[in-house]
Every structure is written in C-alpha cells, then in structure tokens.
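As a plain string of letters, each chain reads:
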Amino acid sequence: MASMKALFSSRRHRLSKHESNERQEDRNRSPQSEIEGENDPMLVPESFGINSFGFDPHSNRVMCRMDWQLDGRLQNQASGQSKSDVALTRRMRFYSEEGFLSDAYAVVLPRQSEEPETSSPSFLGRAITSREIDIARTRRWISLCQENHESSCQSLYQSTVKKQGYTPMRIIDVEKMYVVQTTTEVTYATLSYMWGNSPIFKLICENFAMLSSEGGLEAVFDNLARTIQDAIRLVRDMGMRYIWVDSLCIIQDDKMDWEKSAPTMDKIYGNSLFTLCGATGRDAAAGLPRAVPHSRNLVQLRENCAGLDLLVVRPVESHIRSTSWNSGAWTFQERVMSTRCLIFVDDRAFFQCRQATWSEELDCEGSTPAWNLDMIGSPLTLFNANPLRRYSTCVQLYSSRKLTFMGDKLIAFEGIGNVLSVPLDCKLYHGLPDSHFDWALLWELSEPAKEIPEEHLQRRHVGPKFPSWSWCGWDGGVEWRLSTISGALVNMHEWLTEHTWIVWYKAVLPERGSGPGAPEWTHELVWRPVENPLKTSRWSGYVASDNKIGPYGRSANSETAIETSKREHVPRADPIENCLHFWTYSAFFSLSRTSMSDAKFKSNLHPGLRRFGIHDSKGDWCETIILEESQINPERVDPANGIDHTYEFIAISEAKDFDLEEYDSWTYYVPQEREQAEWYLYYSLLIQWNEDKTVARRLGLAKIYKAAFKSASFAPGMSWKEITLG
C-alpha cells in the first residue's frame, strides 16, 4: 500500500526547479482561467481535497481501486479484425469510483537491454531521458501511418481535390521565412492552438507586403507568439518546408479574406500531412513543450516493486480532456478534420490518427496496425462509426465547446457538417440532417444551457438566427440520450416511415420577382428527395416512392400516417425565416418534482439538470422530462403537491417504450393498451409561445402516453394545431 501511495503522491515532490518555474509562468500568463489541466491533478491528491490520511473534505475515506486492463491487440491489415483474441499484455489500472482521481496505469518498464528491437510493438513502457522530443520518432510515426494505414488515414477531401483541382492558398515557407501564395499542390503541416488573451502578431493589410517578402517573418520572428515560433522551428527540424497558421495566413483585418477563408478551414486541415496541436497552457504564449531544445523536461514517475520496474502513465485523453485547447469549438473542428495530429500537452507529445494513438512513454507503434487502450475516446476514430452515430457523437462533442463569438456556432461546424452529410445523403438545416429530420429533433440538453440571445423580432418574416428547435440555438452541450431514443434505433428507416407524420416546412427566399408585390418569402419542404439515393438500409432516412404517403415517404401501412394524411398540413401562417412550420397534435399538462424511478435506476444527470414528472388533468403521472432546474418558476408551483401550472406539449412522432431511467413501474394507462399497441407513446416537445402567440420556442423533449393526449389533457384539450417553431 505504501508503494501505491507513492505512485500517486510523490509526483508533486519530484518536479524539477526548471519545470516548477515553467508552470508558474503558465499560471501567471492567464490568472483568470478556470481550466486547471496544467497541474497534473491526477497525481496531486490534495488538489481534490484529499488529505494525507486519505479522507475527503467530508471525512469520508477515499478508496483507491485497482484492476487489470487488457492491452495490445494486433489487427489484420486486410480485414481490420483482430488477429487473435488474446491481448499481448495488460495494464494495471488505478482509479477511484468517487471520481476524486483520474485513471492512471502502471506498466512494466523494461531495462534498456530488454527493449524490443523488432517493428512489432511490445506495449510496454518507455523511459524518456531527453529534454526535447525525439524528432526521428515523430517522423517515424507519420511514416508508419502513411505506409500502413492505407485508405483509413487518407484525406477526407482527396476525391474533392481530384475532381475540382487544387485551390491556391496562403502558407508559410519556413525556409525562406515569408508568407507565400501557392499555385500548385504542396505538402504542408497545420497548427491548432488557442489564441487566448496573449498578444498575437497577426497578418494585417499594413504588414502584408513585408510578410510576403522573403525574410519578412525572420525580421519579426521575436514578435511571434511562442507557440507559433516553436511550430515553425519544429516543422523545419522535421524536414518540411510549409506550415499553415491562421493568424499569419488570413488577413485579420480584411473581412472579405476572413469570409473567404473561414468556410475552407476544414479542407485546409484535412489536406495537411499532419496538425501540430498546442494543447499546453491557455494561450499562444505557452509554446509547444519539448518541441525545441532546452524548452522543458519530461518528468516520469517510476517505481521499483519487488524488483520490477514500473512506470505510471495516464490515458492520452485524460491529458487532453481538461485543457483550454480541448474546450474550443474551432480547435475541435481542426482536430477532427485532420488526418494526423501531433499533440503537445503536459510536457508530453502524442500522435493520433484514425487508426492509432501513440505515445512517447509507451512502445505501441509498429508496421502492423494494433489497438491499444489509449485509442479509447480519440475523436479521430469517429469516422469509423456508422453515419448516424458519427453525426450524433460529433454534435455531442462539439456542442459543449466554447466560442469567443457565438455567431460562429454553425460556421465552426460547417466543415465537419460537410463531411458528415455525404454518407447520410442529406443537407444540414441549422445543423440537423434533413434526411433524418424527425430523429434529429430528439436531442436533449446534457448540461445546463441557455438559448443563444437574439434580438427580438424587428421586422416581419425575420426569425432567430439560431432557433431553439436545433442544438445550435443553445449555448451548451446536447446529446441523443439512449434511454430516450432506443426504440427508434432498432430500425431507423422503418421508424421514419411507420411512426412519423409531420410534414415539415421552412421559410425560403426565392428568386425575386420583377413586378410589384413579388413575394419575398414562401414555404418549402425541409427535405426534398435526392436524385440518386443511396441503397436503403436500417439506417437510411426518408425515401420517396409511388407507394408512400405524402412528401416524406411515409408507409401506406402506417395507421398514424393514414390518419393524419386526412388532416391539414400546409401552413397558413406567414413564413418566418429560420422557423419550422407544421401541423400536429397539441395538449396541455402540468409539471411536478415527482420522479417515478427509484435510486437504483436514477439518471446520471449533470448538476443543474432535473428530471421532472408530467401529470395530466386527472392528477395521474404520464411521463418525465429533463429540464434545467431554473426553467421551473418556484412561484408557479403548488406547495401542497409540488405541481406546476400547465404547459403546452406538441406530439412530433411515435415512441415505443419507457426506459427504467424514466419509469420502472406500471401505471394507469397500461392495462390492455400496452399489450395491444407497441408504440403507445408520443415524442413530445414542451413549447412556450411569444407574447403575440405567433412563434413558439422549444424548452425540452418528453415521451407522453397517447392516451393522455387524447383523454386527459388540461383545457382546452387535444387539438390539431398549426405551429410556427422558432
């Protein structure tokens, strides 16, 4: 036990004086930051409030647990499947269930004479003695990926370049030290980093001529941010000639140049050979630790237990997760769109591509593709998943990122969206795939979030730039919660054709007419059939055909589609920009703080979110909804029963069942109906209208009994209603 305690506590006493000074400099650079990723808290228990006796601030004993994790599976290059079910090695994992300590691993550290000489990885530890990264190793990482990862690590835009030709771009020549406009395709690196609050020397109209002349950057090199200096030196040391850096390759005070460059950033990063990621520090002054000689020293925690040398390492993503760089929306796109990333964080360098994650401290790289524990959580592997999972995961990761300018919410996602939309056979409408639009609306908040503030409607036909019905309208994280949408995932295409009915319209601005009174805005379907649809599968979206009902291709065998096809669907209200126009069922219910799931099945919600109960006009519970705690006005709650006044809900599609998180018992509505109808619930949106009752906004998503809609709504009862949702 004493040895295990040393593994976690001795790190804080082993920092060299040089490293301590460096970290103090980082803290001084940005005292306002709330991110505390730089102090390696996994190895400093006191930073979690754990005292030297192993107790938390509430005098509870913190238990450190250990288990074995299988590691190292070689992959068959042809099929991508494991060659063997037997892992080559294991790691000893240390963790606390209370979350006081981040995960850490103990790995065997072979003596120098025992280190492997073959190309196959051993997945054992590796001692690092140099104060700078091994340039030869970083070059080998890139070469191994290029030579052995075949199509999986090719640029996502390779086919686009072949079809459309090379697009000239502004780039830095690190040999002649100036900004040059390329006319032919060149091999280059890119830099992803945080500007932060530190001063940044930028390319502007005034210095454009100077920086575009040979040696222009050399003359101002000392004025460049340290991260940019280190990146230029490192690229040159790696034998490359070009690097793209946003602050020096986009004219920062030229609006036209920015508007031209911003939509192409995904291609700029996607077509680069690799991206240098400055995840250290909180701004561009932090530099790339150990990227240049004598910058910093890597301190490894080693222990000898019973004659066996052990090295303590952390999962790669745990180093990255709490950094300022990882919290940025633009840097998320830069990382995900890159084919390869060389990430600098916590005085360490890591390599990631779509098929591997390699570390200086572990012998994992090799010519044979292999899986290891550090690949868990890497966003670069997202493109190996099916298209819907790829889309939802990207949105879930991106939506919680921070933007300096909230107006960039969709612009910073545009590049990712362009790639995600191809296999979905769709266009993105305010960030939602139109081919799966009914499903795309089933997102929920994963953390407390506020709507992105908008000015009140100032003129006719003008709606919110970021509507509440899309995740892009909220400043916070969202998710497609499995407990909510599991029924639809069994067969997505069947659910869309059998269990949805709404004909979704949007407002569009057509070609302007020449005569007086020509219409400016009109209604148009959100989804339109594509000319050459992909082959239909369980994950396919809408497909129009002769034997379908309505423009969204609903099945002629669907009772709901048949019933609602007889009702009105074409909007009557004036079209309003960025709003959804449609007809559906409306009903009224009240909210309470009552939960119908016990602690065993309690939802794991972010602090600030709460699962509220929904009650009908007879006082019976009929579902739950997850909302931000502050969304319920305490003044509206009846203190006798905790029930809030009525709210309006609109049904948007059919749902199959409750999850145990939502409800783990039987209820009034169930007896015969549950046996007779498999889809006995409605996915429903909680909405709130503006003062003049012209535009509603979305507040949350629920599943509610159909029977509650039909027979137990508060006044004025269920109705078929036209909705304008902004």
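If you're wondering where the values come from, they're calculated on a predicted model, not measured in any experiment. (Residues numbered from 1 in each chain as written. Predicted model: local features only at pLDDT ≥ 70, side-chain atom pairs only at ≥ 80, totals over all residues. Heavy atoms only, no water.)

**Side note on the pairing of strand β30 (residues 681-689)**
The condition that has to hold: Here the term buried applies to any residue with accessible area under 20% of the maximum for its type, exposed to any over 50%, and partly exposed to those in between, with areas from a 1.4 Å probe on protein chains only. Each helix is a run of DSSP H or I of at least 4 residues and each strand a run of E of at least 2, with the numbering of both proceeding from the N terminus. DSSP-based pairing: two strands are paired if at least 2 bridges between them are found.
The element β30 is largely enclosed, with a buried count of eight among its nine residues. Strand direction decides the pairing type here: β30 and strand β31 (residues 696-705), joined by nine bridges, are antiparallel. Across the sheet, residue tyrosine 683 finds its bridge partner in β31, namely lysine 703. Hairpin connection of β30 to β31: six residues between the antiparallel strands, including lysine 693 at a positive phi of 60°.

**Comments concerning the pattern of salt bridges**
Short version of the rule: Each salt bridge in this description consists of a side-chain nitrogen of Lys or Arg and a carboxyl oxygen of Asp or Glu lying within 4 Å of one another.
By the definition in use, this model includes 28 salt bridges. Note that arginine 610 is salt-bridged to glutamate 629, the shortest N-O span being 3.9 Å. Of the two residues, arginine 610 sits in strand β27 (residues 609-615) while glutamate 629 sits in the loop between β28 (621-628) and β29 (643-655), which places them 19 residues apart along the sequence. One salt bridge connects lysine 721 with glutamate 648, and the closest N-O pair in it is separated by 2.8 Å. Here lysine 721, found in strand β32 (residues 719-725), pairs with glutamate 648, found in strand β29; they are 73 residues apart in sequence, far enough to count as distant. A relative accessible area of 6% means that glutamate 648 is categorised as buried.

**A few points about the packing of aromatic side chains**
Put simply, the rule reads: Stacked, tilted and edge-to-face are the three classes assigned to paired rings of Phe, Tyr and Trp, where Trp is represented by its six-membered ring and a pair needs centres within 6.5 Å; plane angles under 30 degrees give stacked, over 60 edge-to-face, the rest tilted. The criterion for a charge sitting over a ring is simple: Lys NZ or Arg CZ within 6 Å of the ring centre, and within 35 degrees of the ring normal.
The final tally for this structure, using the stated rule, is 28 aromatic pairs. Both rings, one in phenylalanine 413 and one in tryptophan 471, keep their centres 5.1 Å apart while their planes meet at 75°; by these two values the pair is edge-to-face. Of the two residues, phenylalanine 413 is situated in helix α14 (residues 411-424) and tryptophan 471 in the loop between β19 (450-451) and β20 (474-475); the sequence distance between them amounts to 58 residues. The buried category is assigned to phenylalanine 413, whose relative accessible area is 2%. Each residue in the set Trp501, Tyr585, Phe589, Phe649, Tyr682, Phe709 and Trp720 is aromatic and connected to the rest through ring pairs, giving one cluster. Here the basic side chain of arginine 93 rests over the ring of tyrosine 95, its NZ or CZ set 3.8 Å away from the ring centre. Above the ring of phenylalanine 612, the side-chain terminus of arginine 610 is found at 5.7 Å from the ring centroid.

**Quick word on the pairing of strand β12 (residues 340-345)**
Most of β12 is tucked away: six of the six residues are buried. Neither face of β12 is left uncovered, since the one carrying Arg340, Leu342 and Phe344 and the one carrying Cys341, Ile343 and Val345 both have all their residues buried. The pairing of strand β9 (residues 274-278) with β12 spans four bridges and is parallel. If you follow cysteine 277 over to β12, its bridge partner there is isoleucine 343. In this structure, β12 lies alongside strand β13 (residues 348-353), joined through six bridges in antiparallel fashion. Looking at β13, one finds that phenylalanine 344 is bridged to alanine 349. Where β12 folds back on β13, the antiparallel hairpin that results is connected by two residues, among which aspartate 346 adopts a positive phi of roughly 50°.

**Side note on the side chain of serine 122**
Going by this rule: Polar contact is the term for a pair of N or O atoms within 3.5 Å; when the atoms are in protein, one must be able to donate a hydrogen and the other to accept it, and sequence-neighboring residues count only if both atoms are side-chain atoms.
Relative to the helices and strands, serine 122 resides in the loop between β4 (104-108) and α3 (135-148). Side chain to side chain, serine 122 and aspartate 363 meet in a polar contact 2.7 Å long.

**Observations regarding the sheet that holds β4**
Condition: For helices, the axis comes from a line fit to the C-alpha atoms of the stretch in contact; other axes are also lines fit to C-alpha atoms, and the angle between any two N-to-C directions lies between 0 and 180 degrees.
In space, the five strands of this open sheet follow the order β1-β3-β4-β11-β10, with antiparallel pairing throughout. On the outer flanks of this sheet lie β1 (65-71) and β10 (301-305), each paired with one strand and no other. This sheet shows a mean twist of 30° between the axes of neighbouring strands, independent of strand direction. In this sheet, strand β3 (residues 89-95) lies alongside β1 in antiparallel orientation, the contact comprising seven bridges. The partner of leucine 70 across the bridge, within β3, is arginine 90.

**Focus: the sheet that holds β9**
Going by this rule: The contact criterion used throughout is that any non-hydrogen atoms of two residues lie within 4.5 Å.
In spatial order, the strands read β6-β5-β8-β7-β9-β12-β13-β14; together these eight strands make up an open sheet with mixed pairing. Edge positions in the sheet fall to β6 (178-181) and β14 (357-359), since each of these pairs with one other strand and no more. Each adjacent strand pair in this sheet contributes to an overall mean axis angle of 30°, direction not counted. Sheet strands in contact with α3 are β9, β12, β13 and β14, and its direction is about 10° off that of β13.

**Points about the packing of helix α13 (residues 387-399) against α14**
Where we set the bar: An angle counts as roughly parallel when it lies under 35 degrees, as roughly antiparallel when it exceeds 145, as roughly perpendicular when it falls between 65 and 115, and as oblique in every other case. Working rule for handedness: look at the near helix, and if it is turned counterclockwise from the far one by less than a right angle, call the crossing left-handed; if clockwise, right-handed. Here the term charged refers only to Asp, Glu, Lys and Arg, the term nonpolar to Ala, Val, Leu, Ile, Met, Phe, Trp, Tyr, Cys and Pro, and the term polar to all other amino acids, Gly among them.
Relative to each other, α13 and α14 sit at 165°, their axes nearing to 9 Å. Here α13 lies roughly antiparallel to α14, going by the angle between them. For α13 against α14, the interelement crossing comes out left-handed. Contacts from Pro387, Leu388, Arg390, Tyr391, Cys394, Val395 and Tyr398 of α13 reach α14 at Ala412, Phe413, Ile416, Leu420, Pro423 and Leu424. Across the contact of α13 with α14, the residue classes tally to 12 nonpolar, no polar and one charged.

**Section: the environment of leucine 489**
Structurally, the position occupied by leucine 489 is in helix α16 (residues 482-489). Through-space distance from the C-alpha of leucine 489 to that of tryptophan 539 is 8.2 Å; in sequence the pair is 50 residues apart. Among residues more than four places away in sequence, those in contact with leucine 489 are Trp439, Leu482, Arg538 and Trp539.

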